[in-house]
Structures are given as C-alpha cells and as structure tokens.
Amino acid sequence: MLIPKTVLSNVIHAGLSEGASFCEIYAEENLSSLMKLKSSQTEYISGKDLGVGIRLFYGDEELYTYTNSLDEKSLLKALKSLVAGKKQRDFQKPLSKTPLTFPLTHEFPKEIKSDLNKEKNFLQKLDKELRGDSLISQCYITLNRIYKKVQIANSEGALTCDVRPYFSFHVQSIAEEGGRKEFGSKTVGQTGESLFLNEDLLKTTGRQSNKIALQNLKAEPAPAGKFPVIINKGFGGVIFHEACGHGMETTSVAKKMSVFSDKLGKKVASSCVTAFDDGTLQGQYGSIARDDEGRPSQKTCLIEKGILKNYMADRLGAQKTSYNVTGSARRQNYKFPPTSRMRNTYIDAGKSSLKEIIQDIDCGLFAETLGGGSVSPGTGNYNFSVTSARLIKKGRLDRSVKGASLVGNGLDTLSKISKVGKDLELAPGNCGSISGWVPVTVGQPPILVSELTVGGQKKGRD
Amino acid sequence: MTKFFMEQVKTHQIYEWIKSFAQKDSVDFDFHGFCLEQSKVLFEKQDLKNCTCSELKHLNLRVLKGDRAGTSYTKDFSKKSLEDCYQRAVDSLNFSDKKERGFLSKNESYKDFSPFYDEGFKNLTIEDKIKKAEEITKGSLGIDKRIQPVYSSVKDFNTENFFGNSEGSQSFYKANYIMASCYSLAIQENSRSESDSESFARNYDNIDFKKVGQEAALKALNKLNAIVPETKRYPVIFKAGPAAGELLLFLANLMNGKAVFEGASCLKKDSLSNRLFSKEFSLYDDPFSLWGFGSSPFDGEGFASEKTTLVEKGVLENYLTDSFFSKALKIPHTRKAFWNEGGSLNISTTNLLMPEGKTSFEYLVKEFPKVIIIDSLKGAGYNPTSGDFSKEAIGFLCEGGEKTPLHQFTVSGNIKDLFSNILKVGADNEIYAGRVKTPSFLVPDLMIAGK
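Counting restarts for each chain: residues are numbered from 1 in the order of the written sequence. To read the labels, note that chains go from A and ligands from 1, taken in the order they are written. Only residues with pLDDT of at least 70 are given local features in this predicted model, and only at 80 or more are side-chain atom pairs given and counted; all residues enter the totals for whole chains, interfaces and linings. To obtain the side-chain values, all non-hydrogen atoms of the structure were used and water was disregarded.

### Observations regarding the pattern of salt bridges
Residues and elements named next belong to chain A. Salt bridges are defined by distance alone: a side-chain nitrogen of Lys or Arg within 4 Å of a carboxyl oxygen of Asp or Glu. Counted according to the given criterion, the structure contains 48 salt bridges over all chains. Put simply, Lys48 and Glu29 hold a salt bridge, and the shortest N to O gap is 3.9 Å. A residue pair is termed long-range when its members are at least 10 positions apart, and Lys48 in strand E2 (residues 41–58) and Glu29 in strand E1 (residues 22–38) qualify at 19 residues. Remark: exposure states derive from per-residue accessible area (1.4 Å probe, protein chains only) relative to the maximum for the residue type, with buried under 20%, exposed over 50%, and partly exposed in between. Judged by its relative accessible area of 25%, Lys48 falls in the partly exposed class. For Glu29, a relative accessible area of 14% translates into the label buried. It is possible to trace a salt-bridge network through shared partners that takes in Glu24, Arg55, Glu62, Glu293, Arg295 and Arg331. Put simply, DSSP marks the helices as runs of H or I at least four residues long and the strands as runs of E at least two long, and each gets a number from the N terminus on.

### Looking at the confidence of the model for chain B
Residues shown with low pLDDT carry predicted positions that ought not to be read at fine detail. All names here are of chain B. Across chain B, the average pLDDT comes to 92, with 97% of residues at 70 or higher. Within a predicted model, pLDDT stands for the predictor's per-residue confidence, ranging from 0 to 100. Note on definitions: a residue-residue contact is assigned when non-hydrogen atoms from the two residues lie within 4.5 Å. Confidence drops under pLDDT 50 across residues 1–7; counting only partners more than four residues distant or on other chains, this segment forms 25 contacts. Scored as a whole, the predicted complex attains pTM 0.89, and scored at its interfaces, ipTM 0.84.

### With respect to a negative patch on the surface
All names here are of chain B. A grouping of Glu135, Asp208, Glu215 and Glu430 is seen on the molecular surface, where their side chains present a negatively charged patch. With respect to the element layout, Glu430 can be found in strand E18 (residues 430–432). A relative accessible area of 34% places Glu430 in the partly exposed class. Patch membership needs two things, relative accessible area over 30% and no salt bridge, and members are linked within 9 Å if like-charged or within 5 Å if nonpolar (Val, Leu, Ile, Met, Phe, Trp, Tyr). Working definition of accessibility: Shrake-Rupley area with a 1.4 Å probe, residue cover restricted to the visible protein chains. When charges are counted, Lys and Arg are positive and Asp and Glu negative, with His and the chain ends excluded. For the purpose of locating charges, the reference atoms are NZ of Lys, CZ of Arg, CG of Asp and CD of Glu.

### A short note on the sheet that holds strand E9 (residues 275–278) of chain A
Residue and element names in this part refer to chain A. Strand pairing is assigned whenever DSSP identifies at least 2 bridges connecting the two strands. Strand order in the open sheet formed by 6 strands is E11-E10-E9-E14-E21-E20, with mixed pairing between adjacent strands. Looking at strand neighbours, the two that pair on one side only are strand E11 (307–308) and strand E20 (425–433), the edges of this open sheet. The pairing of strand E10 (residues 299–304) with E11 spans 2 bridges and is antiparallel. Residue pairing across strands places Ile303 opposite Leu308, the latter belonging to E11.

### Comments concerning the nonpolar core
Each nonpolar core is a collection of buried residues, namely Ala, Val, Leu, Ile, Met, Phe, Trp, Tyr and Cys, held together in the definition by side-chain atoms within 4.5 Å. Membership of the largest hydrophobic core comes to 53 residues, with the highest contact counts inside it found for Ile3, Ile25, Val52, Ile54 and Leu56 of chain A. Considering every element that reaches this core, the biggest residue donor is helix H4 (residues 209–222) of chain B, with 6 residues. When sequence neighbours within four positions are dropped, the list of residues in contact with Ile25 of chain A reads Ile3, Leu8, Val11, Ile12, Val52, Gly53, Ile54, Gln151, Ile152 and Ala153 of chain A. Counting residues in each nonpolar core, the second largest holds 51 residues, with Leu320, Ile331, Leu377 and Leu397 of chain B among its members.

### Observations concerning the sheet that holds E18 of chain B
Residue and element names in this part refer to chain B. Strand order in this open sheet of 6 strands is E10-E9-E8-E13-E19-E18, and the pairing throughout is mixed. At either margin of the open sheet sits one strand with a lone partner, and together these are strand E10 (315–316) and E18. By the bridge criterion, 3 bridges tie E18 to strand E19 (residues 436–438) in an arrangement that is antiparallel. Note that in E19 the partner of Tyr432 across the bridge is Val436.

### Digging into the packing of aromatic side chains
Residues and elements named next belong to chain B. Classification of ring pairs uses Phe, Tyr and Trp, with its six-membered ring standing for Trp, and accepts pairs whose centres are within 6.5 Å; under 30 degrees between planes counts as stacked, over 60 as edge-to-face, and the remaining range as tilted. Evaluation of the coordinates by the stated rule reveals 34 aromatic pairs over all chains. Centre to centre, the rings of Phe200 and Phe293 are 5.3 Å apart; their planes meet at 65 degrees, and the pair counts as edge-to-face. Of the two residues, Phe200 is situated in strand E6 (residues 191–201) and Phe293 in the loop between strand E8 (283–285) and strand E9 (308–312); the sequence distance between them amounts to 93 residues. Since its relative accessible area comes to 15%, Phe200 is described here as buried. Here the aromatic residues Tyr110, Phe113, Phe116, Phe163, Tyr173 and Phe298 are joined through ring pairs into a cluster of three or more.

### Section: the pairing of strand E1 (residues 28–44) of chain B
Residues and elements named next belong to chain B. Judged by how many residues are buried, E1 sits mostly within the fold: 15 of 17 residues are covered. In terms of strand pairing, E1 meets strand E2 (residues 47–65) through 17 bridges, oriented antiparallel. If you follow Lys40 over to E2, its bridge partner there is Thr52. Remark: 2 residues form the turn of the hairpin made by E1 and E2, two consecutive strands paired antiparallel; Lys45 in that turn has positive phi of roughly 55 degrees. In the sheet, E1 pairs with strand E4 (residues 147–165) via 15 bridges, with the strands oriented antiparallel. Among the inter-strand pairings, Leu36 is bridged to a residue of E4, identified as Thr159.

### Overview of the interface of chain B and chain A
On the side of chain A, 80 residues touch chain B, which itself brings 76 residues to the contact. Buried area, as used here, totals the accessible surface that two parts lose on assembly, with accessibility defined by a 1.4 Å probe and the loss added over both. Overall, the association of chain B and chain A removes approximately 6,700 Å² of surface from exposure, summing both partners, and the carbon and sulfur fraction of that is 50%. In this structure, the connection of chain B to chain A is made through 4 salt bridges. Two residues, Glu44 of chain B and Lys320 of chain A, come together in a salt bridge whose shortest N-O distance is 3.4 Å. The term polar contact refers here to a pair of N or O atoms within 3.5 Å; inside protein, the definition further demands a hydrogen-donor-capable atom paired with an acceptor-capable atom, and it admits residues adjacent in sequence only when both atoms are side-chain atoms. Summed over the shared surface of chain B and chain A, the number is 40 residue pairs in polar contact (both at pLDDT 80 or more). The class makeup of the residues in the side of chain B that touches chain A is 20 nonpolar, 32 polar and 24 charged. Pairing geometry for E2 of chain A and strand E3 (residues 68–74) of chain B, over 3 bridges, is parallel. Looking at E3 of chain B, one finds that Gly47 of chain A is bridged to Tyr73 of chain B. Under the grouping applied here, Gly and all other residues not named as nonpolar or charged are polar, the nonpolar ones being Ala, Val, Leu, Ile, Met, Phe, Trp, Tyr, Cys and Pro and the charged ones Asp, Glu, Lys and Arg.

Below, the structure written as structure tokens:
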C-alpha cells in the first residue's frame with residue numbers, strides 16, 4: 001500500500017467534514033527508465049515520481065489538491081489549504097462518524113527488472129544496422145519503461161490498487177542526400193505484466209522509420225486543394241480519435257460544447273462506420289484494468305453503422321449528463337483530476353481490400369503514415385500532419401509526396417467516409433487533453449474519405 | 001494560499017547531503033531543483049468546474065566522472081530519497097557512454113531577481129480567485145447572447161528554484177506569475193466559432209479579468225459564418241500573438257545548438273553569421289523580461305543568464321547553447337541549459353522577443369489589395385529537418401476594405417523562406433503563451449489550401 005488504510009480513512013473523513021459530498025484519494029508511484037541512443041551513444045536515465053491527488057465534490061463543483069508528500073500530516077495540510085477561504089456550500093451532507101473500512105488488502109508485485117546490458121547491446125546493434133544505409137545520417141532510438149503503482153480510495157468505501165507497466169519504443173531516422181534532409185519515425189508501445197524485448201518487432205519498427213525517411217527524400221512537395229483521400233490503417237485512426245473521439249467525451253458533451261452533444265441515437269456518420277473505444281484489449285497501449293476512479297475498464301460502442309450509441313463518461317461527467325459511466329476516467333498522473341478520456345479507439349473492419357479502394361480513384365492522395373493532430377471540440381474542426389504519402393492517379397499508386405496536412409470537420413468527414421477496408425490495425429500514441437497526457441491506441445483499416453482539404457506547397461492536380 | 005510548504009525545504013541541507021554522497025565516490029555533481037505552489041480555478045460557463053491547489057517538489061541531479069554524465073530525479077527531498085536518487089544517477093553513469101560533459105559553473109554573479117516576485121499575491125484566498133474567474137466569465141457571456149459555453153481560468157504559480165554544484169556554487173531565486181484565460185464559443189444557427197484570449201502578470205492588480213473574457217467573446221463572434229478560401233497563393237499577415245508566436249517558437253527550435261549538432265535542424269553550424277532572413281527581422285532571447293515567465297537569473301547548469309541576439313537584421317548571430325554544445329560546436333556559450341522533469345538536460349529558450357516595426361496593423365493590411373490575415377495556427381505539421389511546414393490556420397480574407405472570416409484551410413511553406421521573405425513588420429507587439437513577444441508581420445506569397 002502506498003498510503004495506509006487508517007490514513008486514507010482519516011483524510012477522507014476530513015474532506016467530508018469540509019462539507020464535500022464525495023472525497024477521493026489517488027496515490028501514485030512511478031518508476032521510469034529511459035534508454036536513449038543518439039549519435040550512436042547510449043544514455044540511460046531513471047527516476048522516481050510519487051504523489052497524491054485529493055478530490056472533493058461539492059455537487060458538480062470539483063476541488064483538487066496534490067502534493068509529493070504521502071504522510072497524513074501533509075495530506076491534511078494540503079486539504080486545508082484547498083478549502084481555506086472557500087465558503088461552506090448549502091448542500092452539506094450529514095457527516096458519518098463511522099470510520100471507513102476498506103475491504104481490500106493489496107500488496108503490489110515487485111517491479112520486473114529489465115536486463116539493461118542486453119537492452120543496450122540490442123540498441124547498439126540496431127543502430128548499426130539502421131545506419132548501414134549510406135543515406136541515413138542520424139538515428140534516434142528511445143526505449144522507455146514505466147512501472148506505475150496506483151492506489152485509489154473514495155468516500156464510498158472503495159479501494160483499488162493497480163499496477164500499470166508501460167513499454168514504448170521509438171525510432172527517428174534522418175536521411176540526407178545532396179543537401180536535402182528528411183526524417184521518418186515509428187513507434188510501438190504496449191502494456192501488461194510481462195513486457196519483453198521483442199527484437200523482431202523492434203527491428204521492423206526501425207526499418208519502417210528508415211523507409212519513411214528515405215521515401216521522403218525522393219518525394220515532391222504535396223499538392224494543395226480538395227481531393228479524395230485514403231487514410232491508411234493503423235495510426236491513420238488518429239483521424240477518428242481527433243475528429244470524433246474527443247467530441248464524444250462527456251468533458252465536452254456535458255455543457256453542450258461538442259458538435260456530438262444531443263446526438264445520441266442519431267445518424268452521425270456514413271453507414272459503413274462502426275467504432276469502439278475498448279479499454280480491455282490485452283496488452284494494447286491504451287488498455288487499463290481499472291480506470292483512474294477505480295472502476296473496471298469496458299468496451300464501449302461509440303458508433304454502430306453510422307448511429308451514435310454512447311459517450312465516454314467519468315463519474316463527474318456521468319453525474320452532469322446522466323449517461324452511464326464507462327470506465328473511461330483517466331489522468332496523466334496525480335497532478336490532474338481525472339476526466340473522460342479515450343483508451344483504444346478504432347473504426348471496425350469493413351469489407352474492401354486496399355486495392356479495391358484505390359482502383360476507383362482518378363486523382364487523390366494516399367496518406368500512408370500520419371503524425372500528430374488536434375481538434376477543436378466546439379467546432380469539430382481538426383487537423384493532422386501526414387508524414388508520408390503517395391499520389392493516386394487513375395486507380396493506381398503514383399509518386400511520393402511530402403509535407404502534407406489534412407484539415408476538415410469531424411461530422412462532415414464522418415459522413416464522407418465512403419469505403420472501409422477489411423484490414424484493421426492498431427497503433428500506439430499519446431493523447432494530450434484536459435487531464436494531461438495518457439497512453440492510447442488509435443486504429444482503423446484503410447478508409448476512403450471522398451473529399452478532404454489537403455495542405456501542401458504545390459498547387460494543382462498534376 | 002497559506003504558507004505551508006516552502007519553509008520546509010532546506011536547500012543548504014540538500015547541498016550538504018549530495019556533496020557527502022559524491023565525495024565518497026570522487027565524482028563531480030550539479031543539481032537543479034524547484035518547489036512550486038500553484039492554484040487554478042476553472043469555470044465552465046457560470047459554474048465552478050474545478051479548483052486545484054498544489055505543492056510540488058522536484059530535483060534533477062547530474063553526476064560527472066571523466067567525460068561521462070549520469071542523471072536522475074526525485075520528488076522526495078528526504079536524505080534517504082536523495083541518496084537513492086544519487087545512486088540511480090551513478091548507475092546511469094555506468095550504463096551511459098554518451099560523452100556529454102561540458103564544464104561546471106564557478107564564481108558566477110547573478111542578477112537581482114526580486115522584481116520577479118510579488119509577495120502580495122499570496123494574500124488572495126481561493127474564494128478571491130473564484131471571483132476573478134467569475135469576472136472573466138461574465139465579461140464573455142455579457143457581450144452577446146450568441147456566446148455559449150465558456151471556459152474561464154485563473155492560475156497562479158509561486159516557484160522557488162535552487163541550484164548547486166561540486167565547484168561550491170549555490171544559488172536560488174523566487175518568482176511568481178499569474179495567468180488569466182478565456183475560451184469562448186459563438187453559435188449562430190449552423191455556424192460555430194471559437195476563440196481564446198489570455199493575459200499574464202506578476203500581480204493580480206495588473207490583469208483586467210473582465211477584458212480577458214470580452215476579448216475572447218468578440219474574437220469568436222468575428223469568426224462566425226466563416227468560409228473556406230480558394231486554394232491559391234496569397235500575401236499573408238501572421239498576426240501578433242498566437243500565429244506569429246507559434247512560428248517564432250518553431251524557428252527558435254531550429255536554433256537549438258543540440259539540434260544543430262545532431263543534424264536534427266535544417267540550420268547548420270556554418271549558417272551562423274550569414275544573412276538568412278529578411279533585414280526587417282531580428283530576434284532575441286531575453287531571460288530578464290518582467291513580462292516573460294521564462295525569466296531566470298541562472299540556467300540549468302547554474303551559469304548567470306544572458307540576453308542573446310539570435311538574429312540581427314536578418315543575420316543569424318547565435319544559437320541557443322549549453323556548456324557542452326557550445327564546446328562541441330566551437331561557438332559562443334549562450335547559457336540556455338534547461339532541465340525537464342524527466343531528468344534530461346536540454347536547451348531551451350527563455351523569453352523570445354521580436355522587435356516591433358514601424359507600420360501600423362491597418363497599413364500592413366493595405367499593402368496588398370487582397371491579403372489573408374492568420375490569427376492562429378493549430379496542430380502539428382512542422383518538419384524541423386527540412387524546415388517545411390503545413391498547418392491548419394484560422395483567420396480572415398481582407399479585400400476592398402471587407403473582412404471575411406475563414407476556417408478549414410492550411411498554410412504551407414518553408415520556415416527559412418518565410419522569414420527571409422518578411423516584407424514589413426507591424427508596430428503591434430503582443431505576448432503569446434507568456435514567453436514570446438511578437439508583432440504582426442507580412443509575407444507576400446504563401447500557399448493556402450482550402451476549396
């Protein structure tokens with residue numbers, strides 16, 4: 001236990017004594033280990049973060065405090081500083097004098113120690129291989145392990161302990177020729193108890209990063225204008241994540257901020273679109289056994305054949321909207337109160353092969369790999385960068401183009417998805433929002449959007 | 001906020017403990033730590049959504065032996081935890097073969113930083129801050145009935161930073177700042193538009209909270225019924241604030257000595273002293289600006305901060321460097337080392353300042369019969385290795401005295417070309433993100449993609 005039960009009980013009781021209708025304590029210890037290889041030299045950093053966040057509800061109002069000190073005196077002091085000066089609210093609840101009894105006795109398992117020498121040797125070998133191509137001038141490889149222990153207790157008597165090991169691996173390659181320089185990158189990530197160095201997977205990741213950099217070196221500037229766009233499988237799913245997913249979180253739905261507010265049961269997408277947010281997928285980067293309010297994770301159907309089925313709700317979001325909680329409360333760490341957030345979000349597989357999708361396009365863009373993006377939930381307008389792409393001419397893939405971005409509106413784009421491929425793939429990423437950065441996966445099979453604005457430096461369709 | 005935190009941290013004691021650990025192993029060390037008290041009030045429409053108070057500690061520790069460095073970090077300042085942190089740094093030294101040792105600071109003379117701390121701001125209670133946030137909300141919602149859900153926030157930060165190394169250097173400073181911001185959404189039939197505004201100060205009296213809300217609402221209303229522009233090349237004005245500020249931050253990242261050394265920037269060592277940009281353009285990194293929250297009397301390695309000329313009338317004068325990368329590139333040491341919370345020593349800007357020009361914004365707009373004003377840039381879309389960018393933009397089309405709001409379009413180009421083609425600079429400096437002060441500037445020809 002990070003905090004003994006008696007301390008939890010005393011602090012929660014103190015929170016309720018301040019007139020709060022609900023009190024929650026979230027404690028976290030985070031051991032991180034980062035091995036980086038840059039310019040063929042290894043650097044290793046490890047560190048420890050720990051802290052506690054205390055949350056009080058006064059009806060729909062939320063008060064939050066956090067500290068790095070886990071002892072009772074510090075927690076009570078932090079609580080006092082939070083409520084100091086705040087007027088007692090009208091909706092005070094009668095206080096229970098009975099100490100809370102938490103049923104769970106939980107010991108965290110010991111951290112699995114990785115073999116640092118083995119990892120270092122592997123990274124050095126991979127670096128050498130990736131630099132074997134004479135056009136690759138630089139490689140950055142990072143291998144990141146996080147071992148997070150979480151303890152959540154609340155005034156309803158619930159106590160949850162969870163261990164969340166994360167593993168991520170990122171390669172960035174720079175290719176250079178004749179004074180021109182381009183880059184490529186690729187990431188893999190997973191979570192679960194038994195994380196191991198899957199050397200084949202990591203080698204493939206490095207080679208894919210090189211391939212993107214080399215492809216961009218030969219690429220022409222992307223065209224600008226409106227085109228039919230095929231968004232590739234895997235990380236291409238960031239389009240659904242940004243354009244739609246954020247608008248389905250009760251964080252933005254609650255105050256009718258989102259373009260998806262009041263659309264439950266209504267058609268919001270083309271009939272070929274079915275989409276899920278699933279926190280239960282084994283080993284995926286966005287999977288969680290329990291959410292950050294201690295509830296079991298779920299598989300949530302967001303859209304079924306174009307109809308909006310569910311929103312993603314945390315405790316406060318559910319309280320404000322009356323929608324069901326979905327085990328979606330997430331936060332970066334103890335510095336943030338949790339809000340409704342995505343986990344593993346994807347568009348489900350359809351029926352078309354990639355070849356079938358391409359063959360009907362006269363002039364379009366195949367967005368092969370995508371970078372980051374963002375959305376304004378209030379308007380639904382989104383953007384994301386395309387890190388490698390090819391033109392489509394007369395039903396066939398044509399030359400490579402670089403420097404493209406895509407912009408559009410979430411609802412509009414959903415209605416313009418005209419084909420969904422059969423080859424579903426998931427890819428990891430990190431999502432930043434009101435409760436900080438959380439690991440997620442995005443995913444989809446290749447999809448065709450009949451018309452989308454492509455940003456590029458070149459005018460025209462030639 | 002009550003005084004409950006800072007007094008507990010005895011920085012001299014921390015120094016003595018770390019010194020004693022390091023002496024046993026005969027290694028050099030330096031560390032950089034901070035204590036932070038923070039409060040945040042967030043309103044969602046007329047309701048208090050969230051109120052946060054926090055206290056945070058952090059210490060980054062670097063041990064140095066020969067030409068190697070090992071680092072670690074901790075949030076716990078007890079002797080046991082610091083010893084644990086020290087041991088992790090030593091372990092890291094053994095697994096690292098990265099030769100990144102610069103030199104340690106010694107006998108530095110630091111500037112008085114007392115103007116950067118206002119004791120009075122701590123007298124405000126949470127309830128006072130809730131009222132300030134309420135003022136922002138009322139300011140925004142009071143403008144027009146088309147203004148819908150609004151987020152208003154008031155945040156304040158109170159930091160105490162300290163530094164020490166095995167050369168006997170020790171220093172600390174206190175600083176505080178306050179940030180008020182508002183996000184407004186305007187809805188009229190099928191049209192939705194959003195905007196935000198922000199204001200920064202070191203004293204609550206220096207922020208007009210109502211005005212912050214009003215500005216966000218007016219900006220959102222002006223963008224209602226936006227259209228998508230035609231895809232073609234246009235003269236473009238990047239407006240003072242978010243649009244111009246984003247571009248300056250991207251350019252400054254390319255001037256990071258680490259990125260230049262590692263080949264991750266499109267700028268090279270021999271780009272220095274060359275006229276790469278328009279003679280209308282100058283850029284400084286200023287660690288002593290009262291308006292800037294990146295201000296600090298010393299950098300992450302304890303060297304006394306200095307104002308750095310990055311670009312003077314188009315000539316690239318300096319890169320941002322720490323002690324190692326200045327040595328590796330054989331260029332001036334500009335003292336910009338910066339620790340992040342993950343235990344990495346990086347290089348960062350403090351506050352960026354682009355000097356104003358002489359042209360009023362109204363005259364900038366009249367330079368061409370048809371011009372696009374970009375108000376803000378969104379999302380990813382920068383490629384540091386080539387300098388290419390393609391970003392979502394929000395703004396206006398100005399033609400024949402008419403101003404039409406635009407959305408769902410992109411602006412694309414190359415950052416070096418963009419700054420070399422600046423035609424005129426406005427006289428309308430604005431602060432962006434609390435760390436960039438920039439005027440508007442006009443670029444005669446950029447690709448816009450819309451319909």
